[in-house]
Amino acid sequence: MTANRNFKINLLPGDGIGVDVVREGVRVMEALARKTGGISFSFNTLPWSCEYYLNHGRMMPADGLKILADCDSILLGAVGFPGVPDHISLRELLLPIRVEFDQYVNMRPIKLLPGLESPIKSDKIDFVVVRENSEGEYCGRGSFNKQETPEEYTIQESIFTRKGTERIIRYAFEYAERNGLNQVMSATKSNALNYSMVFWDKIFAEIQKQFPKIQSRQMHIDALAGFFIMHPERLQVVVASNLFGDILTDLGSAMLGSIGISPSGNINPERRFPSMFEPIHGSAPDIAGKGIANPIGTFWAIAMMLEQLGLSDENALLMSAMCDVLAEGKIRTPDIGGSSTTTEVSDAVIAMIEKR
Ligand code: NAD
Ligand code: IPM
Ligand code: MN
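Residues numbered from 1 in each chain as written. Chains lettered and ligands numbered in written order. Predicted model: local features only at pLDDT ≥ 70, side-chain atom pairs only at ≥ 80, totals over all residues. Heavy atoms only, no water.

Colleague: How should the domain arrangement of the protein be read in this particular structure?
Modeller: By a widespread convention, an interface's size corresponds to the accessible area lost as its parts come together. Segmentation of the protein into domains returns domain 1 (1–116 + 256–356) and domain 2 (121–245). Once you take the C-alpha centre of each, domain 1 and domain 2 turn out to be 25 Å apart. Taken together, the contacts link 18 residues of domain 1 with 18 residues of domain 2. Across the domain 1 to domain 2 interface the summed buried area is about 1,700 Å²; carbon plus sulfur atoms make up 56%. On the domain 1 side of the interface with domain 2, the three residues burying the most area are Y104, M107 and I110, jointly 35% of the side's total. Counting across the interface, domain 1 meets domain 2 through 2 salt bridges. (Domains from an automatic or database assignment. Contact = heavy atoms within 4.5 Å. Buried area = accessible area lost by both parts, 1.4 Å probe. Salt bridge = Lys/Arg side-chain N within 4 Å of Asp/Glu carboxyl O.)

As structure tokens, this is what we get:
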């Protein structure tokens, strides 16, 4: 008999629908552990959120990152809510985790799941966006100048380091190689961004030489956004800077039927720090408290977490249970044309897991 393996998961439900989808995600993980046996999860919920900010004047305690680091993996719901400016809530919680835990790869699969209908014509949508997650346009540097004068101006800087750019582009090529794919598409904008993206293109050209079997392409981000809609079937791996990858993946998730579908893995490939998994969507204040948030993006993010923890069977079980529920077409939330609640979707996924 194999020993029980326990995994410690730190939960950051955050704000709005983040709380609902993480609660349902925990139920699904517990069902998986019950079903497969031999594993268990210990969950530790951290209440850091905009509500926490309003009570404590900060998004997390001073030693928050130290507390958070003590786990096998992190599951995040969403951060940000009216009442706290977004640049404060995100810059004090989500973004420091990505940077300080060196989660420099943000993996975002864009794959049309069975039973879901894309708003665009193509039915072959199956690619990944490898988003740079630690620097670039998100470096947070800049200044407000000559405030409250007619000459007022602001500067928002971007930092693209050789190390940061090389490692994300190399990761994209290696991902392609590992998964038997033969194309990497780089998102650029070197026609207008004459420093950052010229540099990005130079590094892309250097790295691609090391992967002669993989076809490399590049497109300006504006043209690429159009290409997503017109020819998604021609995409396999897209590598993008922090901001470009952010925008492209909300577009990508919408192509799958809803912003509530796509998952996001903030990965530290060297495993010096825990990785963090989350749906790509935000706290959705417009539907918060209504119990109708789509939990599929969170379940898919959990599946990515299980894979990263080496739990391939659990990953496969969750993905197939989730896909079967979607394919049946009976239980789904309003954003994808149904009338079910968040909890009804989890109940259906759990029942499917138990039936196996
Ligand atoms: P959002 O993703 O929260 O919502 C955009 C639209 O999509 C809304 O109409 C919302 O109802 C809908 N939607 C999102 N997720 C859904 C789901 N699971 N099921 C059904 N419908 C869903 O984006 P926003 O409105 O730009 O941002 C709201 C807040 O969330 C802001 O504070 C923002 O900064 C924050 N945010 C946080 C994260 C994160 O923590 N990872 C990501 C994006 C936005
Ligand atoms: C995401 C979100 C975040 C980002 C925001 C909330 C800072 O949009 O995870 O996609 O831009 O990375
Ligand atoms: Mn985003």
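Colleague: In this structure, what is going on with the packing of helix α1 (residues 17–36) against helix α9 (residues 296–308)? I would like to understand it.
Modeller: Geometrically, a packed helix pair is captured by the angle between its two axes and the distance between the axes. As a packed pair, α1 and α9 sit with axes 9 Å apart at the nearest point and diverge in direction by 45°. Judged by the angle between their axes, α1 and α9 are oblique. Crossing of α1 against α9: the hand is right-handed. Taken together, the residues of α9 that come into contact with α1 (itself represented by V21, E24, G25, V28, M29 and L32) are T298, F299, I302, M305 and L306. When its residues are assigned to classes, the contact of α1 with α9 shows 8 nonpolar, 2 polar and 1 charged. (Axes fitted to C-alpha atoms, helices over the stretch in contact; angles between N-to-C directions. Helix = DSSP H or I, 4+ residues; strand = E, 2+ residues; numbered from the N terminus. Parallel < 35°, antiparallel > 145°, perpendicular 65-115°, else oblique. Left-handed = near helix turned anticlockwise from the far one by under 90°. Nonpolar A, V, L, I, M, F, W, Y, C, P; charged D, E, K, R; others polar.)

Colleague: Would you mind showing me how to read the packing of aromatic side chains here?
Modeller: For any pair of aromatic rings, geometry is given as the distance between the ring centres together with the angle between the planes. Counted by the stated rule, this structure contains 7 aromatic pairs. A ring pair is formed by F101 and F273, whose centres lie 5.5 Å apart and whose planes are at 10°; its orientation type is stacked. Taken together, the residues span a long stretch of sequence, with F101 in the loop between α4 (86–100) and β4 (105–111) and F273 in the loop between β11 (263–267) and β12 (276–279) at a distance of 172 residues. Taking 5.1 Å as the distance between ring centres and 80° as the angle between the ring planes, the aromatic pair formed by F127 and F228 counts as edge-to-face. Of this pair, F127 sits in strand β5 (residues 126–132) while F228 sits in helix α7 (residues 221–230), and the two are 101 residues apart along the sequence. No difference in accessibility class separates F127 from F228, as the two residues are buried. Grouped by ring-pair contacts, the aromatic residues F7, F41 and F43 constitute a single cluster. (Phe/Tyr/Trp six-rings, centres within 6.5 Å; stacked < 30°, edge-to-face > 60°. Buried < 20%, exposed > 50% of the residue type's maximum accessible area, 1.4 Å probe, protein only.)

Colleague: Before we go on, may I ask you to explain the nonpolar core in this structure?
Modeller: A general trend in soluble globular proteins is that nonpolar side chains are found buried together. Ranked by internal contacts, the top residues of the largest apolar core, which has 87 residues, are L224 and L318. It is α9 that provides the largest number of residues to this core, a total of 9 residues. Two domains share this core, each providing at least three of its residues, namely domain 1 (1–116 + 256–356) and domain 2 (121–245). Excluding anything up to four places from it in sequence, L318 contacts V28, L32, F299, I302, A303, L306, V349 and I353. Formed by 19 residues, the second largest nonpolar core is a distinct cluster that contains L12, C50, V84 and I97. (Core = buried A, V, L, I, M, F, W, Y, C linked by side-chain atoms within 4.5 Å.)

Colleague: Would you take a moment to explain helix α8 (residues 242–255) for this structure?
Modeller: Side chains that are three or four residues apart share a direction in an α-helix, a result of its 3.6 residues per turn. For α8, spanning 14 residues, the distance from its first C-alpha to its last is 20 Å, which sits close to the expected 20 Å at 1.5 Å a residue. Along α8, the residues that are buried comprise N242, F244, G245, L248, T249, G252, S253 and M255. Considered in projection along α8, the buried side chains sweep an arc of 155° and stay on one side of the axis. In this structure, the buried residues of α8 make contact with β4, β5, β8 (183–188), α6 (196–208), α7 and β10 (237–240). Immediately beyond the C-terminal end of α8, within one or two residues, lies G257, with a positive phi of roughly 120°. (Expected span 1.5 Å × (residues − 1). Arc of directions from axis to C-beta.)

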